[in-house]
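# A structural walkthrough
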Amino acid sequence: MTRNLAFPFALSLALLASCSSLAPSKPTAELSASAPVVEVGRMISLSLRLGMPGGPPRITWSASSGTILPTLVDNEVDFLAPAEPGESRIVATASSGGRKIGAEAVVKILPAGGLKKTAEVIVEVDCGSLEKVWVDPAHPAENFAPPLKIKGTFSLDVDTGEAQAGGSWPSYAMFDDGSHGDRVAGDGIWTMRFVFQKTRTKVYFAFDDANAYRPGFESGLAWRLKLAWRGVDEAGAGEVSDANNLFFIPDRDQVVAWTADMAAKSGMHAEAPK
Ligand SMILES: [Ca+2]
């Protein structure tokens, strides 16, 4: 009898063993976040969904950066993003009846404003620096004549600032009257404000002014400003010009500025090197 009973017992053990190797009987854990990205210092919610036999599991949470904030429910927490952009790896571990299972999620931490869909681009030119500019041997000391104009591969609603990348170099008068993003009226810094839908498309731009000497598509002074800006940029960070033109990429809020310091470094007040 004992032998006869032993066989079915062994068989059922084998069946159990083979069942336990199949997915349905394995504990499962899935970690989900209310959003896959969050701005620095902002909060999202995290939830751990468990399929686990046995009594109520004990759940522990950790994050490689940022702060885990408990809620009233063990399997849900809030995540407070750190002050620095980057990534945080969040791990939740559940244990019950000697079994342990974990799940993890990576949350991307964006800079402040990173989730905003629009990018504000302010272009500023210190036109006080555009005096006695060397353009060519016959025009060695040209002076800025207002208004400064900006043109480029964009379209713009001047009143609202709404702008789109792309376009065939329309020209718009900039402002030195405290409007359209201009910070101080009458200080010689001419400004234009653009609000783009964020894009990685390069927006090329150049300037013009009312100076009478016009050797090409713009005044000689504006042409010299472009060359000088490119020269300073290429000597420096190399972020706002390529082989042909100045550009910005409206993928974030930014100020694109030509300053008196840059003018002094550019050599635009002396004959250009041959
Ligand atoms: Ca101004």
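Bear in mind the structure is a predicted one, so any value in this text is a computation, not a measurement.

In this section: the overall build of the protein chain. Broken down by element type, the protein chain carries 3 helices and 17 strands. Counting every position in the protein chain, which comprises 274 residues, the buried fraction comes to 26%. Considering only residue pairs separated by 6 or more positions, the protein chain has 61% of its internal contacts joining residues 24 or more positions apart.

Ordered in space as β13-β10-β15-β16, the 4 strands form an open sheet in which the pairing is antiparallel. Both outer strands of the open sheet, β13 (171-173) and β16 (246-248), are each paired with one neighbouring strand and no more. Between one strand and the next, the sheet's axes are offset by a mean angle of 35 degrees, whatever the strand orientation. Both strand β10 (residues 149-152) and β13 contribute to a ladder of 3 bridges, which runs antiparallel. Counterpart to Lys149 in the pairing with β13 is Ala173.

This brings us to the confidence of the model for the protein chain. If pLDDT is low for a region, its predicted coordinates should not be looked at in detail. Per-residue confidence for the protein chain averages 88 on the pLDDT scale, and 87% of its residues sit at or above 70. Segment residues 1-24: pLDDT under 50, and 2 contacts once partners within four positions in sequence are set aside and those in other chains are kept.

Let us look at the sheet that holds strand β12 (residues 162-165). Ordered in space as β11-β12-β14-β9-β17, the 5 strands form an open sheet in which the pairing is mixed. Looking at which strands have only one partner, the edges of the open sheet turn out to be β11 (154-156) and β17 (254-258). Recorded for the sheet is a direction-independent mean angle of 30 degrees between the axes of neighbouring strands. Where strand β9 (residues 118-126) lies against strand β14 (residues 189-197), 9 bridges are found, and the strand directions are antiparallel. Each residue of the ladder has a partner; that of Val125, found in β14, is Trp190.

Further remarks concern the environment of Glu131. Relative to the helices and strands, Glu131 is located in the loop between β9 and β10. C-beta crowding within 10 Å serves as the criterion here: with 14 such atoms nearby, Glu131 is assigned to the partly exposed category. Separated by 90 residues in the primary sequence, Glu131 and Leu221 place their C-alpha atoms 9.3 Å from one another. Leave out the neighbours within four places in its chain, and Glu131 touches Asn143 and Phe144.

Examined against the element boundaries, Ala119 turns out to sit in strand β9. For Ala119, a count of 20 C-beta atoms within 10 Å gives the class buried.

This brings us to the pairing of strand β7 (residues 86-96). Examined bridge by bridge, strand β4 (residues 58-63) and β7 share 6 bridges and lie antiparallel to one another. Residue pairing across strands places Ile59 opposite Ala94, the latter belonging to β7. The sheet contact formed by β7 and strand β8 (residues 99-110) spans 11 bridges and is antiparallel. The residue of β8 that forms the bridge with Ala94 is Ile101.

Counting residues in each nonpolar core, the largest one holds 38 residues, and the members touching the most others are Val125, Phe194, Phe207, Leu221 and Leu225. Ranked by the residues each element gives to this core, the list is headed by helix α2 (residues 220-235), at 7 residues. Look past the residues within four positions of Leu225 in its chain and what remains in contact with it is Leu130 and Phe207. In terms of nonpolar packing, the next biggest core, distinct from the first, is built from 9 residues, Leu46, Ala63, Phe79 and Ile90 among them.

Below, the discussion takes up the pairing of β12. Burial along β12 is one-sided: the face carrying Ala163 and Ala165 is buried and the face carrying Glu162 and Gln164 is not. Here β11 folds back onto β12 in antiparallel fashion, the turn holding 5 residues, of which Gly161 has a positive phi close to 85 degrees. Across 2 bridges, β12 lies against β14 in parallel orientation. Note on β14: the bridge partner recorded for Glu162 is Val195.

A few words now on the environment of Glu271. Looking at the secondary structure, you find Glu271 in the segment after α3 (260-266). Taking the number of C-beta atoms within 10 Å as the measure of exposure, Glu271 has 11 and is therefore exposed. Along the backbone, Glu271 and Val135 are 136 residues apart, and their C-alpha atoms lie at a distance of 7.6 Å.

Procedures and definitions
- Residues numbered from 1 in each chain as written.
- Predicted model: local features only at pLDDT ≥ 70, side-chain atom pairs only at ≥ 80, totals over all residues.
- Helix = DSSP H or I, 4+ residues; strand = E, 2+ residues; numbered from the N terminus.
- Buried ≥ 20, exposed ≤ 12 C-beta atoms within 10 Å, placed from the backbone.
- Contact = placed C-beta atoms within 7 Å.
- Pairing = 2+ DSSP bridges.
- Axes fitted to C-alpha atoms, helices over the stretch in contact; angles between N-to-C directions.
- pLDDT = per-residue confidence, 0-100.
- Core = buried A, V, L, I, M, F, W, Y, C linked by C-beta atoms within 7 Å.

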